[in-house]
Amino acid sequence: MAVQQQITTVTTTQSSGQWSTGLFDCCSDMGTCCCATWCFPCFQCQTASHYGWCVCMPLLDPCAFMAVSCCMRSSMRERYGIQGSTCGDVGLVCCCYACAWCQMAREVKTRATSGTQQVHVVTQQLHVA
C-alpha cells in the first residue's frame with residue numbers, strides 16, 4: 001500500500017462587494033489622477049498590464065466602441081466580487097470614461113497592495129496495490 005500526498009493551494013481574497021473607492025474619488029490617489037491626466041493612453045495600458053491583460057488592449061477601445069473598457073470593468077467586478085451589472089458598466093464607461101478608468105486603476109492598485117491570503121490544504125490518497 002502506497003500513500004501519496006497531494007497539496008492543493010486555495011487562494012482567497014476578502015471582498016465587500018463594493019469598489020474600494022468611488023467613481024469620483026480622484027483625490028484619494030493623486031498619482032493615478034495625474035498619470036491619467038497627462039498621458040491617458042499610457043495610463044490605460046499600464047492599468048491593463050497590472051490587471052494581467054495584454055498591455056495593448058486599451059488601444060483598441062476607439063475602434064471597438066469602448067468594448068475593451070466595458071469588458072475589463074466587468075471582468076474586474078467578477079474577479080473581485082464587486083456587485084454591479086454589464087449595463088451599469090457600459091453606462092459608466094460611456095458617460096464617465098476617464099473616471100471609470102481611474103476607478104479601475106485604483107482598484108487594481110488596492111488589491112495588489114492588500115494581497116491575498118493563501119491556505120494550503122493537504123489531502124491524502126490511499127492506493128491499494
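Starting from 1, residues in each chain are numbered consecutively following that chain's sequence as written. Only residues with pLDDT of at least 70 are given local features in this predicted model, and only at 80 or more are side-chain atom pairs given and counted; all residues enter the totals for whole chains, interfaces and linings. Hydrogens and water molecules were not included; the side-chain quantities draw on all heavy atoms of the structure.

Visitor: Explain the overall build of the protein residue by residue, including any values.
Guide: The numbering of helices and of strands both runs from the N terminus, where a helix is a DSSP run of H or I of at least 4 residues and a strand a run of E of at least 2. Scanning the protein from N- to C-terminus turns up five helices and two strands. Moving toward the C terminus, one meets the helices and strands of the protein in the order β-α-α-α-α-α-β. Exposure classes here rest on a 1.4 Å probe applied to the protein chains alone. A residue is buried below 20% of its type maximum, exposed above 50%, and partly exposed in between. Split into buried and exposed, the 129 residues of the protein put 32% on the buried side. A separation of at least 24 residues holds for 75% of the contacts in the protein among residues at least 6 apart in sequence. Working rule for contacts: check all heavy atoms of both residues, and any pair within 4.5 Å makes them a contact.

Visitor: Summarise the state of the cysteines; cite the residues concerned and give the values.
Guide: By definition, disulfides here are pairs of cysteine sulfur atoms that lie within 2.5 Å. Summed over the entire model, instances satisfying the criterion amount to zero disulfides. The thiol sulfur of C70 is not disulfide-bonded, and the nearest other cysteine sulfur, from C94, lies at 5.7 Å. For the unlinked cysteine C96, the closest cysteine sulfur is that of C99, found at 5.5 Å.

Visitor: A description of the packing of helix 3 (residues 67-80) against helix 4 (residues 86-95) should follow, citing residues and the corresponding values.
Guide: Axis separation between helix 3 and helix 4 bottoms out at 9 Å; the angle between their running directions is 130 degrees. Relative to helix 4, the element helix 3 lies oblique. Regarding helix 3 and helix 4, the two cross each other, and that crossing is right-handed. Contacts between helix 3 and helix 4 involve S69, C70, R73, S74 and R77 from the first element and T86, D89, V90, L92 and V93 from the second. In the contact of helix 3 with helix 4, the residues fall into four nonpolar, three polar and three charged. As a rule, the C-alpha atoms of each element are fitted with a line to give its axis, helices using only the stretch in contact, and angles between N-to-C directions run from 0 to 180 degrees. Here the angle decides the label: under 35 degrees means roughly parallel, over 145 means roughly antiparallel, 65 to 115 means roughly perpendicular, and every other value means oblique. Handedness of a crossing is defined here by the sense of rotation of the near helix relative to the far one, left-handed for an anticlockwise turn of less than a right angle and right-handed for a clockwise turn. Side-chain classes follow a simple rule in which Ala, Val, Leu, Ile, Met, Phe, Trp, Tyr, Cys and Pro form the nonpolar group, Asp, Glu, Lys and Arg form the charged group, and the remainder, Gly included, forms the polar group.

Visitor: Break down the pattern of salt bridges for me, citing the residues and quoting the values.
Guide: What counts as a salt bridge is simple: a side-chain nitrogen of Lys or Arg found within 4 Å of a carboxyl oxygen of Asp or Glu. Inspection of the entire model under this criterion finds four salt bridges. Among the salt bridges present, the one from K109 reaches D29, with a minimum N-O distance of 3.0 Å. Of the two residues, K109 is situated in helix 5 (residues 97-114) and D29 in the loop between strand 1 (2-12) and helix 1 (30-38); the sequence distance between them amounts to 80 residues. According to the relative accessible area criterion, K109 is partly exposed, its value standing at 44%. Close ionic contact of E107 with R111 constitutes a salt bridge, the shortest N to O distance being 2.7 Å. Of this pair, E107 and R111 are both found in helix 5, four residues apart, which corresponds to roughly one turn of the helix.

Visitor: Lay out the side chain of R111 in plain terms, naming residues and giving numbers.
Guide: Take R111: its relative accessible area is 16%, and that puts it in the buried class. Polar contact is the term for a pair of N or O atoms within 3.5 Å; when the atoms are in protein, one must be able to donate a hydrogen and the other to accept it, and sequence-neighboring residues count only if both atoms are side-chain atoms. Separated by 2.7 Å, the side chains of R111 and E107 make a polar contact.

Visitor: Any chance you could break down helix 2 (residues 40-51) for me, citing the residues and the numbers?
Guide: With twelve residues, helix 2 ought to run about 16 Å at 1.5 Å a step, and its terminal C-alpha atoms sit 16 Å apart, in line with that. Burial in helix 2 covers these residues: F40, F43, Q44, C45, T47, A48 and Y51. Its buried side turned inward, helix 2 meets helix 1, helix 3 and helix 5. Looking one or two residues past helix 2, G52 carries a phi angle of roughly 105 degrees, positive in sign. One less than the number of residues in a helix, times 1.5 Å, gives the span that helix is expected to have.

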